[in-house]
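For reference, the chains in residue letters:
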Amino acid sequence: MEEYKTKFHRVLFDKDTGNYSIHLLSCDHEYIKVKRRYSNGTLHIHEQCKKCGDFRGGAKSQNGVNMATIPFAITPPHTWEDFKEERTKLIDRLKKAQKRIRDAYYKTPEWTKKRALVMERDGKVCQACQDEPATQVYHLNYRHFKNEPLFDLVAICDRCHTSISKMDKGENYTPIKHD
Ligand SMILES: [Zn+2]
Ligand SMILES: [Zn+2]
């Protein structure tokens, strides 16, 4: 399992199976005293994380504080858009790496053998519609990728595969027909 951190995320990537997970990093806050000018013009002391801009608690006592030495509060250095942009790029990159790993597996003799066994078991008929001839072998899940028990695999037709992919993505799909 490969593990690394980007600016905002911790990534776990299994180089063998291409399975991955992405976790948003939380800030390990480093609070400092800052001053904020209120709308009535007065200055007040607050505690703010200098990394993410989070404020802790309300106004603090100004007793014995030399206001001139206190920096002004910062505006948060990152926006939600920054997180989202990194995440989108990260997922795109991971999906490409995953596809390379999966495609390489589908060229191995092990996969060829498994595929033939599943086709034979399912009588070369699509197990989604029980109507069309099966044209491919589909993974019900990728948890056991490269070491699949045969019950994780099922023969299906192109039409049903397209419908299932669209369903999973929440897109409009042609319902699977059982004539
Ligand atoms: Zn913080
Ligand atoms: Zn089908």
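All figures in this text were calculated on a predicted structure; none of them were measured in a lab.

K.L.:
Sorry if this is basic, but what is going on with the domain arrangement of the protein chain here?
P.N.:
Many structure descriptions define interface size as the accessible area lost when the parts assemble. For the protein chain, the domain assignment lists domain 1 (2–26 + 79–103), domain 2 (31–69) and domain 3 (109–169). Its C-alpha centre places domain 1 at a distance of 37 Å from the equivalent point of domain 2.

K.L.:
Looking at this structure, I do not really get the sheet that holds strand β6 (residues 55–60). What am I missing?
P.N.:
Pairing between sheet strands relies on hydrogen bonds along the backbone, with the strands arranged either parallel or antiparallel. Taken in spatial order, the 3 strands line up as β4-β5-β6 in an open sheet, and their pairing is antiparallel. Either end of the sheet is taken by a strand with one partner, and the two such strands are β4 (31–37) and β6. Pairs of neighbouring strands in the sheet enclose a mean axial angle of 30 degrees, with direction left out of account. For β4 and strand β5 (residues 43–49), the ladder comprises 7 bridges, and the chain directions are antiparallel. Directly across from valine 34, in β5, lies its bridge partner histidine 46.

K.L.:
I tried to follow the sheet that holds strand β2 (residues 9–13) on my own but got confused; where do I start?
P.N.:
Strands sit in the order β1-β2-β3 across an open sheet of 3 strands; the sheet is antiparallel. Edge strands, defined here as strands with exactly one partner in the open sheet, are β1 (2–5) and β3 (20–24). Across the sheet, the axes of successive neighbouring strands diverge by a mean angle of 15 degrees, strand direction being ignored. Direction of pairing for β2 relative to β3: antiparallel, over a ladder of 5 bridges. Its bridge partner lying in β3, arginine 10 is registered against histidine 23.

K.L.:
Can you walk me through helix α1 (residues 80–105) in this structure?
P.N.:
Along an α-helix, residues three or four positions apart point the same way, because every turn accommodates 3.6 residues. Counted at 1.5 Å a residue, the expected span for α1 with its 26 residues is 38 Å, and the 37 Å between its end C-alpha atoms agrees. Among the 26 residues of α1, 0 are classified as buried, and the element is accordingly described as predominantly exposed.

K.L.:
Would you explain the nonpolar core in this entry?
P.N.:
Note on soluble globular proteins: their nonpolar side chains tend to be buried together. Of all hydrophobic cores here, the largest spans 10 residues; its members are Val118, Cys126, Ala128, Ala134, Val137, Leu153, Ala155, Ile156, Cys157 and Cys160. Leaving out residues up to four positions away in the same chain, alanine 128 has contacts with Ile156, Cys160, Ile164 and Ile176.

K.L.:
Honestly, the pairing of β1 in this entry has me stumped. Any pointers?
P.N.:
Walk down a regular strand and you will see the side chains alternate between the two sheet faces. Relative to β2, β1 runs antiparallel, the two being bridged by 4 bridges. Its bridge partner lying in β2, tyrosine 4 is registered against valine 11. A loop of 3 residues connects β1 with β2, the two strands running antiparallel in sequence.

K.L.:
Please explain helix α2 (residues 109–121) as it appears in this structure.
P.N.:
Here α2 is 13 residues long and its end C-alpha atoms lie 18 Å apart, about the 18 Å a rise of 1.5 Å per residue gives. Backbone geometry just downstream of α2 places glycine 123 in the positive-phi region, at approximately 60 degrees.

K.L.:
Help me understand the environment of leucine 90 in this model?
P.N.:
Looking at where leucine 90 falls in the secondary structure, it is placed in helix α1. Considering only alpha carbons, one finds leucine 90 and threonine 6, 84 residues apart in sequence, at a separation of 9.0 Å. Filtering out sequence-adjacent residues up to four positions away, leucine 90 remains in contact with Thr6, His9, Val11 and Ile22.

K.L.:
Hey, could you run me through the environment of phenylalanine 72 in this one?
P.N.:
Its location among the elements puts phenylalanine 72 in the loop between β6 and α1. With 55 residues separating them along the chain, phenylalanine 72 and glutamine 127 place their C-alpha atoms 65 Å apart. Those residues within four positions of phenylalanine 72 in sequence are excluded, and the remaining contacts are Val34 and Lys35.

K.L.:
Quick question: what am I supposed to make of unusual backbone geometry here?
P.N.:
For residues that are not glycine, phi is negative in most cases, and the peptide bond is trans in most cases. Although it is not a glycine, lysine 124 sits at a positive phi angle of roughly 55 degrees. Within the element layout of this structure, lysine 124 appears in the loop between α2 and β7 (136–139).

The rules behind each value
Residues numbered from 1 in each chain as written. Chains lettered and ligands numbered in written order. Predicted model: local features only at pLDDT ≥ 70, side-chain atom pairs only at ≥ 80, totals over all residues. Domains from an automatic or database assignment. Pairing = 2+ DSSP bridges. Helix = DSSP H or I, 4+ residues; strand = E, 2+ residues; numbered from the N terminus. Axes fitted to C-alpha atoms, helices over the stretch in contact; angles between N-to-C directions. Expected span 1.5 Å × (residues − 1). Buried ≥ 20, exposed ≤ 12 C-beta atoms within 10 Å, placed from the backbone. Core = buried A, V, L, I, M, F, W, Y, C linked by C-beta atoms within 7 Å. Contact = placed C-beta atoms within 7 Å.

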